[in-house]
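Now for the letters of each chain:
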Amino acid sequence: MSTYSPFSAKQLLPQEEKLEIAKHKSELFIGIPKETSYQERRVCLTPDAVSSLVNHGHRVMVESGAGKNASFSDKDYSDAGAEVTHDTKKIFSCPIILKVEPPTLEEIDMMNSEAILISAIQLKTQKKEYFEAITKKKITSLAFEFIKDSDGSYPAVKSLSEIAGTASVLIAAELMINNNDGKGLLFGNITGVPPTEVVILGAGTVAEYAVRTALSLGANVKVFDNSITKLRRLQNTLNQRIFTSTIHDKALLKAIRRCDVAIGALRGKNRTPIVVTETMVEHMKKGAVIVDVSIDTGGCFETSEITTHENPTFIKSNVIHYCVPNIPSRYSKTASISISNIISPILIQIAEDGGIETAIRCNKGLKNGIYFYHGILTNKPIADWFNLEHRDINLIVF
């Protein structure tokens, strides 16, 4: 006797269960304190970015005067929907803290336990106590420098490098006309006058934008770098052939002796290698200009010494030296817009994903930006540099 079943043979086969995992949008509460670090004039979010976040249903609290040095007033922020306060402690008690510079130990002390910190880290100037303070407060920290884009590049580093590269040429142009020290030369190519000779050390993003700016003004440019791949990429990106060479003393000395401007845009793993010796600088033209963009990591000219935005230059061997770290801060509004363009979409994405926990599961580039997860150090280079214990974030978050 055959048993009757209302289901077909196919329907009777075991079916895998599919559950829809819905993302629940979260509401962010972001605090933007006033920068207290020396020479820091930038702010993380522009009023336009604040307006966008507020329209997405988020709260933004800005400390009074936070945008002043970047030409954004308190009124601009309050008009954009931000809450403006003079109370620094109130700002640091927000669940998410957004800063350009890393916070001081006093500022970390004001932060709530389990807070989220998004800022630069500036590893070369950091101390072990900073990491111990973050561990103690169980803070989750994201560094601008470590956040990756979908193409594997570092957008924050790239944007600020573009500014520094362009600015290095504009700064050199200013210093060349200086009546007391400069030679009274116009940076460029005027009919019947020999063009400005520029030597650029490095072939990364800073160098690329320095080359673009110098070429657009009509200068003769020579680029030195020890990576043929980088030099080739630079020529292909510029879509024109320029003088390129690997770094060897004879060719470099010849170029340095003839140039009007030398720009240092090299990067080293820990410290920038010194490629222009004091003797080479002594052979330079009187009134020539050195702009050492690499000074953040030690500088690539032996004669370089750190200067400030207030007193940016000094003269050594009749050569004008400009060695100010953090050049983008000089162009605080441009730099602030640039940082804001990168950070605001990330914040909106974190909220759309339902908070930082889900966001770093969904976004590998964002996960790469995390160097502390609930007080656990997750970045190996930091651990090696400061001799600290760390755990792989992929073993904690997956």
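Our subject is the structure that appears above.
The rules behind each value
Residues numbered from 1 in each chain as written. Predicted model: local features only at pLDDT ≥ 70, side-chain atom pairs only at ≥ 80, totals over all residues. Heavy atoms only, no water. Buried < 20%, exposed > 50% of the residue type's maximum accessible area, 1.4 Å probe, protein only. Helix = DSSP H or I, 4+ residues; strand = E, 2+ residues; numbered from the N terminus. Arc of directions from axis to C-beta. Pairing = 2+ DSSP bridges. Axes fitted to C-alpha atoms, helices over the stretch in contact; angles between N-to-C directions. Contact = heavy atoms within 4.5 Å.

**Q** I keep staring at helix H9 (residues 249-258) and nothing clicks. Help me out?
**A** Because each turn of an α-helix spans 3.6 residues, side chains separated by three or four positions in sequence point in the same direction. When H9 is considered as a whole, its buried residues turn out to be Leu252, Ala255 and Ile256. Viewed end-on, H9 has its buried residues packed into an arc of 100°, placing them on one side of the element.

**Q** Sorry if this is basic, but what is going on with the sheet that holds strand S8 (residues 220-224) here?
**A** For sheets, the rule is that strands pair by backbone hydrogen bonds, running either parallel or antiparallel. Pairing in this open sheet of 7 strands is mixed, and the strands run S9-S8-S7-S10-S11-S13-S12 from one edge to the other. The open sheet terminates on both sides in strands that have one partner only, identified here as strand S9 (243-245) and strand S12 (313-316). Each neighbouring strand pair of the sheet contributes to a mean axis angle of 20°, computed without reference to strand direction. With 4 bridges connecting them, strand S7 (residues 197-201) and strand S10 (residues 261-264) associate as parallel partners. In the strand pairing of S10, Val198 is matched with Val261. Packing against the sheet, helix H7 (residues 205-216) makes contact with S7, S8 and S10, and its axis sits at approximately 165° to S8. Its contacts with the sheet put H9 on S7, S8, S9 and S10, and the angle it makes with S7 is roughly 140°.

**Q** Explain the sheet that holds strand S6 (residues 140-143) here, please?
**A** With respect to topology, 8 strands assemble into an open sheet ordered S3-S2-S1-S4-S5-S6-S14-S15, the strand pairing being mixed. Looking at strand neighbours, the two that pair on one side only are strand S3 (83-85) and strand S15 (376-377), the edges of this open sheet. In the sheet, strand S14 (residues 370-373) pairs with S15 via 2 bridges, with the strands oriented antiparallel. Looking at S15, one finds that Phe372 is bridged to Leu377.

Keep in mind these numbers describe shape, not what the thing actually does.
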